[in-house]
Amino acid sequence: MLEERPGLDGGGSRRRASSSAGLSVRGLGEGQENFRSGNQVPIMDWQPDEQGLQQVLQLLKDSQSPNTATQRIVQDKLKQLNQFPDFNNYLIFVLTRLKSEDEPTRSLSGLILKNNVKAHYQSFPQPVAEFIKQECLNNIGDASSLIRATIGILITTIASKGELQMWPELLPQLCNLLNSEDYNTCEGAFGALQKICEDSSELLDSDALNRPLNVMIPKFLQFFKHCSPKIRSHAIACVNQFIMDRAQALMDNIDTFIEHLFALAVDDDPEVRKNVCRALVMLLEVRIDRLIPHMHSIIQYMLQRTQDSDENVALEACEFWLTLAEQPICKEVLSSHLVQLIPILVNGMKYSEIDIILLKGDVEEDEAIPDSEQDIKPRFHKSRTVTLQHEEERLQDDEDGEDEDDDDDTLSDWNLRKCSAAALDVLANVFRDELLPHLLLLLKGLLFHPEWVIKESGILVLGAIAEGCMQGMVPYLPELIPHLIQCLSDKKALVRSIACWTLSRYAHWVVSQPPDMYLKPLMTELLKRILDSNKRVQEAACSAFATLEEEACTELVPYLSFILDTLVFAFGKYQHKNLLILYDAIGTLADSVGHHLNQPEYIQKLMPPLIQKWNELKDEDKDLFPLLECLSSVATALQSGFLPYCEPVYQRCVTLVQKTLAQAMMYSQHPDQYEAPDKDFMIVALDLLSGLAEGLGCHVEQLVARSNIMTLLFQCMQDTMPEVRQSSFALLGDLTKACFMHVKPCIAEFMPILGTNLNPEFISVCNNATWAIGEICMQMGAEMQPYVQMVLNNLVEIINRPNTPKTLLENTAITIGRLGYVCPQEVAPMLQQFIRPWCTSLRNIRDNEEKDSAFRGICMMIGVNPGGVVQDFIFFCDAVASWVSPKDDLRDMFYKILHGFKDQVGEDNWQQFSEQFPPLLKERLAAFYGV
């Protein structure tokens with residue numbers, strides 16, 4: 001594809017045309033008569049006015065100037081010229097006919113025209129549109145490949161403006177031009193077809209156009225054998241566009257397609273080989289049935305291609321292993337090839353020479369060099385979701401292991417090293433410890449290798465297999481972990497940074513051992529690396545330390561003073577990008593050690609630098625996001641310890657919400673005059689307010705009393721953006737717990753909004769709304785009665801839905817239980833409709849307050865409507881048995897229901913009934929409740 005020049009792609013379209021634009025539109029003859037608005041001349045003979053043409057050429061020259069002032073003038077000028085319909089004729093004329101001009105200028109003319117087509121093709125007069133279309137088709141075989149490509153872009157842009165239907169001759173003509181003896185014509189037509197296939201694949205396979213693919217696919221397949229590699233490559237690329245959507249015309253020719261691909265397997269041209277690999281990877285996903293008979297030879301082929309001398313080919317081939325790992329047949333077809341595949345993947349995990357240059361791998365100390373702004377990826381705040389604690393101690397975060405090697409993300413985002421590492425990671429998860437015999441000897445050679453590049457790749461390998469091969473690696477870890485800790489002080493920065501990452505992948509094991517053995521030395525070394533003189537190492541160490549914090553939790557308490565000294569020292573040392581990661585490490589520390597952080601000496605160390613940053617940042621600065629997230633965790637952990645800092649923090653959050661709402665209002669009323677606000681500011685502020693309410697509890701009451709937060713919350717709860725609603729319901733629940741007197745007057749307005757948000761299409765919004773309703777029940781008591789019907793049916797529907805996520809099921813069950821606890825008469829009649837899913841979703845929750853209130857509710861509803869539980873009584877027994885230590889009065893409620901049921905059915909029937917119980921359930925019920 002063509003790289004487009006900045007400054008042309010609509011770059012200045014937001015600027016108002018200023019009257020002092022320097023260039024006047026006069027000089028195109030007298031006034032503007034050269035740019036005709038009428039169509040006095042039959043358009044096919046259209047000829048430009050010489051003076052007008054010179055002016056357009058001058059404009060094209062100026063637009064290549066790097067000077068911003070000139071660029072601005074060019075933009076204004078373009079705006080003025082766009083008032084004249086036949087300005088576009090000039091542009092196409094320069095592109096297709098003005099062979100005397102240099103190619104970049106001609107191409108630029110085409111790209112400006114493409115932008116015009118994109119922006120206002122609908123308002124082109126018919127003759128202008130026809131002239132442009134005719135010129136494109138007549139000149140698609142231009143001698144210059146740049147011009148051919150530009151015309152191709154222009155054709156597909158016109159086609160995607162709904163013109164495929166309005167330009168019936170386009171596809172037949174392009175297909176016809178493929179037969180041309182002239183190479184340029186054939187290549188130009190193919191280039192255009194490839195772009196159309198990329199942009200309009202669905203439309204091409206629809207009845208709207210009479211299914212042109214039935215002709216096009218067989219036509220493309222003929223060109224797989226063409227003598228020109230460029231043409232072969234285009235042909236495969238065109239067909240490849242239709243694999244993922246399983247276009248019927250391709251499915252009808254699938255065997256021919258695969259046969260042709262095999263014939264091209266050893267093509268000399270890297271672009272052709274790349275497209276062959278890409279096709280096979282996609283076929284593996286959608287038509288594996290067709291590949292299975294040839295799987296052995298395809299795997300052999302991909303093993304070769306993964307070592308291709310052209311890295312782009314190797315990268316496409318390497319994707320094959322990632323895709324294969326997701327297929328059920330992976331183990332069966334790949335087992336016998338692991339002995340070849342593993343060394344190839346491991347070899348692909350070394351940094352290439354170009355990687356090292358791009359990563360400044362020879363620069364060891366760069367901590368004093370400020371970050372350039374484009375180094376800093378935009379961060380997206382993850383809104384608050386309310387979850388419950390489970391029996392399994394800590395659920396693995398879904399995002400763990402998602403990004404394979406966080407360590408070299410400044411490189412082009414995806415490369416052979418990352419793909420090889422990701423493939424090894426997924427294969428380790430498929431084959432588990434069966435992978436190790438192929439790896440262990442290799443690993444030993446790598447990890448202790450004198451050359452740093454090879455040693456570094458060994459450390460990456462060790463990290464990549466951590467998740468899948470953990471069991472098999474355990475015997476080696478007592479030797480490997482100390483070696484990795486030693487690598488943390490290697491003289492090469494890239495070795496130190498990868499060692500941080502790999503150690504974080506084994507943090508779970510480290511924490512499971514006696515702390516003095518590995519945790520303490522690892523922590524000591526990682527803290528030194530947080531203060532490394534290399535920015536990449538600082539970043540890797542901070543991220544690794546955050547993972548260690550999550551695993552170690554309160555194990556870190558004895559070392560808190562030492563940890564805080566390091567993190568606070570880093571504040572004064574870090575450049576922009578790593579500061580953002582440091583906030584995360586501090587927030588995670590607060591989440592991990594909780595109230596243990598609430599000691600005067602720790603608060604004294606930690607809060608001044610955080611508050612200093614807080615004061616430095618303006619309300620419009622996106623760096624507020626991570627800082628607000630961090631403060632939210634700190635406030636929750638410090639609880640009353642945060643009181644001295646809470647007022648300014650609270651006020652600023654309210655201001656951020658207010659400003660964003662005001663801006664959104666102005667934007668909705670005058671979208672042409674105001675920019676849409678970045679609602680992340682509001683979301684993060686709402687989440688910090690939640691953290692304050694949770695941490696300060698009743699102390700937040702005075703702050704709420706002195707602000708208009710409830711009015712703002714009413715608006716946020718109705719925002720169009722789901723994440724805003726999600727965070728506002730979390731805050732509503734936290735305020736309900738902390739200071740209900742301020743929430744209560746709003747309940748009549750809030751409840752209908754909560755009811756309409758019980759929509760599982762938006763899982764997290766629905767989850768938080770459900771949780772907030774449950775908290776409101778506990779405060780309202782019997783006064784909840786008028787609102788039960790607003791929410792009950794939706795809750796019952798959600799709990800019975802298949803595939804509802806676990807967190808949402810649990811919160812829904814708790815809230816139904818709480819509704820029943822405060823309004824048993826209203827909820828009990830529906831008992832039979834929810835009792836079974838209710839019991840199964842709460843059996844894995846730890847004993848806690850929420851579970852307690854929900855089970856009291858169920859017991860009260862059974863009292864009102866005992867018939868509602870009869871059919872599913874075994875599920876109720878199982879749920880009761882999930883309690884480890886219920887409070888005495890709750891245990892009595894369980895006891896009465898169990899014995900009441902037993903007495904009701906009689907001893908014999910009870911015996912028969914309890915025969916169905918699993919042995920463990922039988923035992924627990926007998927031991928705790930004597931039934």
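No experiment lies behind these values; they were computed from the predicted model shown. Every residue gets a number counted from 1 within its own chain, in the order that chain's sequence is written. Local features in a predicted model are, by the rule used here, given only for residues with pLDDT of at least 70; side-chain atom pairs are given and counted only at 80 or more, and totals for whole chains, interfaces and linings are based on all residues. Side-chain measures here rest on the full set of heavy atoms in the structure, leaving out hydrogens and waters.

Asks: What exactly am I supposed to notice about the overall build of the protein here?
Replies: Helix numbering and strand numbering both begin at the N terminus, where a helix is a DSSP run of H or I of at least 4 residues and a strand a DSSP run of E of at least 2. Tallying secondary structure elements over the protein gives 50 helices and zero strands in all. The accessible surface values rely on the Shrake-Rupley method and a 1.4 Å probe; as for residues, cover is taken only from the protein chains in view. Surface exposure of the protein reaches about 39,900 Å², of which carbon and sulfur atoms provide 51%. Neither His nor the chain ends is counted toward charge; the positive residues are Lys and Arg and the negative residues Asp and Glu. Where a charge lies is defined by one atom per residue type, namely NZ (Lys), CZ (Arg), CG (Asp) and CD (Glu). If you average the places of the 80 positive and of the 128 negative side-chain charges in the protein, the two averages end up 2 Å apart.

Asks: Please clarify how the pattern of salt bridges should be interpreted in this entry.
Replies: It is possible for side chains of opposite charge to pair when their charged atoms get near one another. Salt bridge, as used here, is a side-chain nitrogen of Lys or Arg placed within 4 Å of a carboxyl oxygen of Asp or Glu. One pass over the structure, following the stated rule, counts 47 salt bridges. With a closest N to O distance of 3.4 Å, Lys274 and Glu271 form a salt bridge. In this pair, Lys274 and Glu271 are both assigned in helix H14 (residues 270–286), three residues apart and thus about one turn of the helix distant. Its relative accessible area of 16% is what places Lys274 among the buried residues. We classify Glu271 as partly exposed; its relative accessible area is 39%. Residues Arg529 and Glu525 are paired through a salt bridge, measuring 3.9 Å at the closest nitrogen-oxygen approach. With a gap of four residues between them, Arg529 and Glu525 both fall in helix H28 (residues 519–530), about one helical turn apart. Burial classes: relative accessible area under 20% of the type maximum marks a residue as buried, over 50% as exposed, and values in between as partly exposed (1.4 Å probe, protein chains only).

Asks: How should the side chain of Arg148 be read in this particular structure?
Replies: With respect to the helices and strands, Arg148 occurs in helix H6 (residues 145–166). Look past the residues within four positions of Arg148 in its chain and what remains in contact with it is Ile140, Gly141, Asp142, Ala143, Tyr183, Asn184, Glu187 and Gly188. Should any heavy atoms of two residues lie within 4.5 Å, those residues are considered in contact.

Asks: Would you take a moment to explain the state of the cysteines for this structure?
Replies: Each disulfide consists of one covalent bond between the sulfur atoms belonging to two cysteines. Criterion for a disulfide: a pair of cysteine sulfur atoms at a distance within 2.5 Å. Here the structure, examined in full by the defined rule, presents zero disulfides. The thiol of Cys175 is unpaired, and the distance to the nearest cysteine sulfur, on Cys197, comes to 8.5 Å. The class for Cys175 is buried, based on a relative accessible area of 9%. There is no disulfide at Cys646, and the cysteine sulfur nearest it, in Cys653, is 11 Å away. Residue classification places Cys646 among the buried residues on the basis of a relative accessible area of 6%.

Asks: Honestly, the side chain of Gln194 in this entry has me stumped. Any pointers?
Replies: Its location among the elements puts Gln194 in helix H8 (residues 183–199). The class for Gln194 is buried, based on a relative accessible area of 17%. Nitrogen and oxygen atoms within 3.5 Å of one another constitute a polar contact, given that in protein one can donate a hydrogen and the other can accept it, and given that sequence-neighbouring residues count only through two side-chain atoms. Among the polar contacts made by the side chain of Gln194, one reaches the side chain of His234 at a distance of 2.6 Å. Contact partners of Gln194, with chain neighbours within four places excluded, come to His234, Ala237 and Cys238.

Asks: In this structure, what is going on with the confidence of the model for the protein? I would like to understand it.
Replies: Low-confidence regions, as indicated by low pLDDT, have predicted coordinates that should not be scrutinised in detail. Confidence scores per residue from the predictor, reported as pLDDT, run from 0 to 100. Residues of the protein with pLDDT of at least 70 account for 92%, and the chain-wide mean is 89. Low confidence marks residues 1–43, where pLDDT is under 50. Its contacts with residues over four positions away, or in another chain, come to 89 contacts. Low pLDDT (under 50) marks residues 391–411, which in the prediction has 50 contacts with non-local residues, meaning those over four places away or in another chain.

Asks: Sorry, what's going on with the nonpolar core here?
Replies: Nine residue types can take part in a nonpolar core, namely buried Ala, Val, Leu, Ile, Met, Phe, Trp, Tyr and Cys, and a core is a set of them joined through side-chain atoms within 4.5 Å. With 319 residues, the main nonpolar core has Phe257, Trp321, Phe642, Met784, Phe834 and Trp838 as its most contacted residues. Broken down by element, this core gets its largest block of residues, 11 residues, from helix H35 (residues 680–696). If sequence neighbours within four positions are ignored, Trp321 has contacts with Ile299, Met302, Leu303, Thr306, Leu334, Leu341, Leu345, Ala423 and Leu427. Among the nonpolar cores identified, the runner-up in size contains five residues, and Tyr351, Ile356, Leu359 and Leu494 belong to it.

Asks: Explain H28 to me, please; I cannot follow it from the model alone.
Replies: Residues separated by three or four positions in an α-helix point in the same direction, a consequence of the helix having 3.6 residues per turn. Helices are assigned an expected span. That span is 1.5 Å times one less than the residue count. Between its first and last C-alpha atoms H28 spans 16 Å; for 12 residues at 1.5 Å apiece the expected length is 16 Å, and the two agree. Within H28, burial applies to Leu519, Leu522, Met523, Glu525, Leu526, Leu527, Arg529 and Ile530. Each element contacted by the buried residues of H28 is listed here: helix H25 (477–487), helix H26 (493–505), helix H27 (507–512), helix H29 (535–552) and helix H30 (560–573).

Asks: Please clarify how the packing of aromatic side chains should be interpreted in this entry.
Replies: Stacked, edge-to-face and tilted labels apply to pairs of Phe, Tyr and Trp rings (six-membered ring for Trp) whose centres lie within 6.5 Å, assigned for plane angles under 30 degrees, over 60, and everything in between, in that order. Going through the model one piece at a time under the given rule, you end up with 28 aromatic pairs. Taken together, a centroid distance of 5.8 Å and an interplanar angle of 50° make the contact between Phe901 and Phe913 tilted. Taken together, the positions of Phe901 in helix H48 (residues 888–905) and Phe913 in helix H49 (residues 907–915) put the pair 12 residues apart, joining distant regions of the chain. Cluster of aromatic residues (ring-pair linked, three or more members): Trp838, Phe855, Phe873, Phe876, Trp883, Phe894, Phe901, Trp910, Phe913, Phe917, Phe928 and Tyr929. Any Lys NZ or Arg CZ that is within 6 Å of a ring centre and within 35 degrees of that ring's normal is treated as a charge sitting over the ring. Looking at Lys851, its charged tip hangs above the ring of Trp883, at a distance of 4.9 Å from the centre.

Asks: Is there a simple way to think about the environment of Lys806 in this case?
Replies: Relative to the helices and strands, Lys806 is located in helix H43 (residues 806–822). On a C-alpha basis, the gap between Lys806 and Thr387 in space is 9.6 Å, while along the polypeptide they are 419 residues apart.

Asks: Honestly, a nonpolar patch on the surface in this entry has me stumped. Any pointers?
Replies: Residues enter patches when their relative accessible area tops 30% and they take part in no salt bridge; the joining distance is 9 Å for like charges and 5 Å for the nonpolar side chains Val, Leu, Ile, Met, Phe, Trp and Tyr. Nonpolar side chains collect at one region of the surface, where Met665, Met666, Tyr667 and Tyr674 lie side by side and expose about 350 Å² of accessible area between them. On the secondary structure map, Met666 appears in helix H34 (residues 643–669). A relative accessible area of 35% places Met666 in the partly exposed class.

Asks: Help me understand the environment of Cys630 in this model?
Replies: Locating Cys630 in the fold gives a position in helix H33 (residues 624–638). Cys630 gets classed as buried once you look at its relative accessible area, which sits at 2%. Along the chain, Cys630 and Asp584 lie 46 residues apart, while their C-alpha atoms are 6.1 Å from each other. Excluding anything up to four places from it in sequence, Cys630 contacts Tyr583, Ile586, Gly587 and Leu610.

Asks: Whenever I open this one, unusual backbone geometry confuses me. Can you help?
Replies: Its identity as a non-glycine residue notwithstanding, Arg432 has a phi of 50°, on the positive side. One can find Arg432 in the loop between helix H21 (416–431) and helix H22 (440–447). By relative accessible area, Arg432 is classed as partly exposed at 41%. Not every positive phi belongs to a glycine, and Asn803 is a case in point at roughly 65°. Position of Asn803 among the secondary structure elements: in the loop between helix H42 (788–799) and H43.

Asks: Quick question: what am I supposed to make of the packing of H26 against H29 here?
Replies: When two helices pack together, their arrangement is captured by the angle between the axes and the distance separating the axes. Packing of H26 against H29 brings their axes to within 8 Å, and their N-to-C directions diverge by 10°. Classified by the angle their axes make, H26 and H29 are roughly parallel. Seen from H26, the contacting residues are Ala493, Leu494, Arg496, Ser497, Cys500 and Ser504; seen from H29, they are Arg536, Val537, Ala540, Ala541, Ala544 and Thr547. For this classification, the nonpolar set comprises Ala, Val, Leu, Ile, Met, Phe, Trp, Tyr, Cys and Pro, the charged set comprises Asp, Glu, Lys and Arg, and every other residue, Gly included, is treated as polar. Across the contact of H26 with H29, the residue classes break down as seven nonpolar, three polar and two charged. The axes used here are C-alpha line fits, helices contributing only the stretch in contact, and every angle between their N-to-C directions lies in the interval 0 to 180 degrees. If an angle is under 35 degrees, it is roughly parallel; if it is over 145, roughly antiparallel; if it lies from 65 to 115, roughly perpendicular; otherwise it is oblique.

Asks: Honestly, the packing of helix H31 (residues 576–593) against H33 in this entry has me stumped. Any pointers?
Replies: With their axes 8 Å apart at the nearest point, H31 and H33 run at an angle of 15° to one another. In terms of orientation, H31 and H33 fall into the roughly parallel class. H33 is crossed by H31, and the crossing has left-handed handedness. Across the interface between the two elements, Leu580, Tyr583, Ile586, Gly587, Ala590 and Asp591 from H31 touch Pro626, Leu627, Cys630, Ser633, Val634 and Ala637 from H33. Two helices that cross are described as forming a left-handed crossing if the nearer one is turned anticlockwise from the farther one by less than a right angle, and a right-handed crossing if clockwise.

Asks: Teacher, can you tell me more about the environment of Phe84 here?
Replies: With respect to the helices and strands, the residue Phe84 is situated in the loop between helix H2 (68–81) and helix H3 (87–96). A sequence separation of 618 residues divides Phe84 from Gln702, and the C-alpha atoms of the two residues are 64 Å apart.

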